[in-house]
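So the chains spell out like this:
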Amino acid sequence: LNRIWNRESGRILFAASAVALLTILFDNFFIWLSLALFIYVCWLLINLARLDEWVEKSLRTDPPDARGLWEDIVLTLYRYRNRNQKRQKKLVNRLTQFQEATQALPDVVIVLDSEWGVQWANKTAIRMLSIKAATDIGQRISNIVRNPVFVDYLEGEDFSEPVKIPAPVDNSLTLLVHIVPYGKKRYLLVARDITKLERLEKVRQDFVANVSHEMRTPLTVINGYLETLCDDDSIESATANLYEQMHQQSMRMQNIVNDLLLLAKLESADSQATRNEISLAGLLSILKEESEGLSRSKQLNIQFEADTSLKLRGSESELHSVFSNLLSNAIRYTPEHGLITVRWYCKDNKANFEVQDTGIGIATQHIDRLTERFYRVDVGRSRHSGGTGLGLAIVKHVLLRHRAVLNISSEEGVGSCFQVVFPKDRTIIE
Ligand code: ADP
């Protein structure tokens, strides 16, 4: 109010003096006062109308000519407009730069709204997904990419992992599609052409599978001869010892080849395991028998705590290899007279298989890497006890195919616990 008064005081003083002078000269104070007020209000209204006209044009034209109090208001608005224009320009520049960078990306980038409608797509998206900029903007993405795996992924609303689909423009290309939620129910669809990577991976898989396959027959023959030689009583003991060691090593190689072949088979199979109904009672009694044979020399105490009414949907042979790998590891890495507990129970409607031992344990830094091929904490100990270094890699693959999770907890010198949690849709509670 002070500022307004300061700006207008001169003008008001002039009007008051004019009213006073006119009253002295011609009397009729109220007439002169009303006239002065009328002229002042008219002047205010004219300025207000000019300002309004300028604001109506979003302050885009030149500012109106203004005096006094109005000059002040116009100047403030003028500065505000200039500042805003600069900011807007900066923002537009940044947006253009960002769009240009996203356009240049070799990956597919699509902005989707909450209803999965396409809001914006870069050039790669237009090319790889054959999006038509003129008609497809606003269309649901599932109307453009109709692949059932992608549609399921979209409807499942679990975007923690990407999915692989063939590119809509060319079936021989493979896209890795990932949906990333951001802001308020908005999504970014990012896809990458992984055809070359897939081919390389296939070459690697085929190579390992072929080598293992080719090695299996000669190894079986060598093993057979060595077995015969080991059983030959006429051979002197020093040579027999040599044959025994050769036999052990060739057996080790045969185990590695068998594990590699199993891994290759798992890798080339469908990503989802079969869903046969499996009763664990039979599987557990086989495990019991196997473990008795393996642990006899160590006198281990192996206990089974099983809820046999709990069943599973999956592949029996694959799950047998998981359970027996975990149990044979526990036996291998638990010293004499140790305790091993195998548990089969239901928790939160999910089936759990657990093997707990009182063995040597694993240091924390190794735990995350245990499922890598040939990763061993102690190579010597693993080899000595007949390990191939592939057991947990097989476990990981099978569990992936069953959408199950492997939790490992361990303390060095105290023991380890390997827990498998199966998803609800593979658990049968009776
Ligand atoms: P390996 O044939 O060597 O046992 P695995 O893949 O089955 O190969 O296991 C990888 C490594 O994990 C093992 O070499 C061992 O160091 C460690 N490990 C697995 N299970 C246990 C266990 N129950 N206790 C201690 N260490 C274990």
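In this text, all values refer to a predicted model and were calculated from it rather than measured experimentally. (Residues numbered from 1 in each chain as written. Predicted model: local features only at pLDDT ≥ 70, side-chain atom pairs only at ≥ 80, totals over all residues. Heavy atoms only, no water.)

1. Looking at the packing of helix H2 (residues 29-56) against helix H3 (residues 68-104)
Here is the rule: Note on method: axes are straight lines fitted to C-alpha atoms, helices fitted across the in-contact stretch only, with angles between N-to-C directions ranging 0 to 180 degrees. Under the scheme used here, helices are H or I runs from DSSP no shorter than 4 residues and strands are E runs no shorter than 2 residues, and both carry numbers assigned from the N terminus. These descriptions rest on fixed angle ranges, namely under 35 degrees for roughly parallel, over 145 for roughly antiparallel, 65 to 115 for roughly perpendicular, and the rest for oblique. Note on contacts: a residue pair is in contact if any heavy atoms of the two residues lie within 4.5 Å. Side-chain classes are defined by residue name, with Ala, Val, Leu, Ile, Met, Phe, Trp, Tyr, Cys and Pro counting as nonpolar, Asp, Glu, Lys and Arg as charged, and the others, Gly among them, as polar.
Relative orientation of the contacting elements H2 and H3 amounts to 10 degrees, with a least axis distance of 11 Å. For the element pair H2 / H3, the angle class is roughly parallel. Every residue of H3 that contacts H2 at Trp43, Leu44, Asn47, Leu48, Leu51, Trp54 and Val55 is listed here: Trp70, Ile73, Val74, Leu77, Tyr78 and Arg81. When grouped by side-chain class, the residues that make up the contact of H2 with H3 number 11 nonpolar, one polar and one charged.

2. As for the packing of aromatic side chains
The condition is simple: Whether two aromatic rings pair depends on their centres lying within 6.5 Å, for rings of Phe, Tyr and Trp, where Trp uses its six-membered ring; planes under 30 degrees apart make the pair stacked, over 60 edge-to-face, and the rest tilted. The rule is simple: take the accessible area with a 1.4 Å probe, protein chains only, and divide by the maximum for that residue type; under 20% is buried, over 50% is exposed, in between is partly exposed.
Under the criterion given, the structure shown has 10 aromatic pairs. An angle of 70 degrees between the planes, with centres 5.2 Å apart, marks the rings of phenylalanine 29 and phenylalanine 30 as edge-to-face. In this structure phenylalanine 29 comes out as partly exposed when scored by relative accessible area, which is 39%. Relative accessible area serves as the criterion here: at 63%, phenylalanine 30 is assigned to the exposed category. Ring geometry for tryptophan 116 versus tyrosine 187: centroids 4.3 Å apart, planes at 35 degrees, classification tilted. One end of the pair, tryptophan 116, is in the loop between strand E1 (108-112) and strand E2 (118-121); the other, tyrosine 187, is in strand E5 (residues 186-193), with 71 residues separating them in the sequence. By the burial criterion, tryptophan 116 is buried, and tyrosine 187 matches it. One aromatic cluster in this structure is built from Trp116, Tyr153, Phe159 and Tyr187.

3. A closer look at unusual backbone geometry
Its identity as a non-glycine residue notwithstanding, lysine 185 has a phi of 50 degrees, on the positive side. For lysine 185, the position within the fold is in the loop between strand E4 (170-182) and E5. The backbone of histidine 337 shows a phi angle near 65 degrees, a positive value even though the residue is not glycine. One can find histidine 337 in the loop between helix H11 (316-332) and strand E9 (339-347).

4. Let's talk about the layout of surface pockets
How we decide: In this analysis the probe radius is 1.4 Å and the grid spacing 1 Å, with only protein atoms considered; a cavity is a set of points the probe fits into but cannot get out of, a pocket is an open set with protein on both sides within 12 Å along at least five of seven lines, and lining residues have an atom within 4 Å of a point. Grid points are joined across faces, edges and corners, and a volume is the space filled by probe spheres set on the points.
The space that makes up the largest pocket amounts to roughly 1,600 Å³. What lines the largest pocket is a set of 30 residues, and nearest its centre among them are Pro162, Lys164, Ser271, Leu400 and Arg403. Elements that contribute at least two residues to the lining of the largest pocket include exactly helix H7 (148-156), strand E3 (163-167), E4, helix H8 (195-231), helix H9 (237-268) and helix H14 (391-401). The dominant element in the lining of the largest pocket, judged by the number of residues it contributes, is H8, at five residues.

5. A closer look at the pairing of strand E12 (residues 415-421)
What counts here: Strands were regarded as paired on the criterion that DSSP finds at least two bridges between them.
By the criterion of burial, E12 is predominantly enclosed, with seven of the seven residues buried. Where burial is concerned, the two faces of E12 agree: the one with Gly415, Cys417, Gln419 and Val421 and the one with Ser416, Phe418 and Val420 are both buried. Note that strand E10 (residues 350-357) and E12 share five bridges and pair antiparallel. Note on E12: the bridge partner recorded for phenylalanine 353 is valine 420. Looking at chain direction, strand E11 (residues 405-411) and E12 are connected through seven bridges and run antiparallel. The residue bridging serine 410 from the neighbouring strand is serine 416, located in E12. Turn length for the E11-E12 hairpin, with the two strands adjacent in sequence and antiparallel, is three residues, and the turn residue glycine 413 shows positive phi of about 80 degrees.

6. Description of the site of the ligand
To keep things clear, this is the line we draw: When at least one non-hydrogen atom of a residue lies within 4 Å of a molecule or strand, that residue is treated as near it. Polar contacts, as used here, are pairs of N or O atoms within 3.5 Å; protein pairs need one atom able to donate a hydrogen and one able to accept it. Residues neighboring in sequence count only if both atoms are side-chain atoms. In this description, accessible areas are obtained by the Shrake-Rupley approach with a 1.4 Å probe, and a residue is regarded as covered only by the protein chains that are shown. By definition, a pocket or cavity contains a molecule when more than half of the molecule's atoms lie within 2 Å of the pocket's grid points.
Surveying the vicinity of the ligand reveals 20 residues, the closest of which are Asn329, Tyr333, Ser382, Gly389 and Leu392. Note that an oxygen atom of the ligand is positioned 2.8 Å from one of the side-chain N or O atoms of asparagine 329. At a separation of 2.8 Å, an oxygen atom of the ligand approaches a polar backbone atom of glycine 389. Coverage of the ligand by the protein amounts to 98% of the 530 Å² it exposes when considered alone. Cavity membership is defined here by more than half of the atoms lying within 2 Å of grid points; on that basis the ligand lies in the second largest pocket. Among the elements of the structure, H11, H14 and E12 are those that each provide at least two residues to the shell around the ligand.

7. Details of empty space enclosed by the protein
Following the criterion strictly, the structure yields three cavities of 30 Å³ or more and no others. Arg204, Gln205, Val208, Leu260, Leu263, Ala264, Glu267 and Arg373 together form the lining of the largest cavity. Elements represented by at least two residues in the lining of the largest cavity include exactly H8 and H9. With four residues, H9 is the single largest residue contributor to the lining of the largest cavity. When the residues that make up the lining of the largest cavity are grouped by side-chain class, the tally is four nonpolar, one polar and three charged.

8. Structural notes on the nonpolar core
Soluble globular proteins tend to bury their nonpolar side chains together. The cut-off we apply is this: Throughout this description, the term nonpolar core refers to a set of buried Ala, Val, Leu, Ile, Met, Phe, Trp, Tyr and Cys residues connected via side-chain atoms within 4.5 Å.
Leu280, Phe323, Leu326, Ile340, Trp344, Phe353 and Phe422 are the most contacted members of the largest nonpolar core, which has 41 residues in total. For this core, the elements supplying multiple residues, two or more each, are H9, helix H10 (280-295), strand E8 (310-314), H11, E9, E10, H14 and E12. At seven residues, H11 tops the list of elements feeding residues into this core. Discounting residues that sit within four places of it in the chain, phenylalanine 353 has contacts with Leu284, Leu287, Phe323, Leu326, Val342, Arg343, Trp344, Phe418, Gln419, Val420 and Phe422. Membership of the second largest hydrophobic core comes to 26 residues, among which are Ile141, Val145, Ala167 and Leu175.

9. Some remarks on the sheet that holds E5
The five strands are arranged E2-E1-E5-E4-E3 in an open sheet whose pairing can be described as antiparallel. Two strands bound the open sheet, and with one partner strand each, they are E2 and E3. Strand after strand, the sheet turns through a mean of 30 degrees between neighbouring axes, direction not considered. The sheet contact formed by E3 and E4 spans five bridges and is antiparallel. Residue pairing in the sheet places proline 166 in a bridge with threonine 174 of E4. Its contacts with the sheet put H8 on E3, E4 and E5, and the angle it makes with E4 is roughly 115 degrees.

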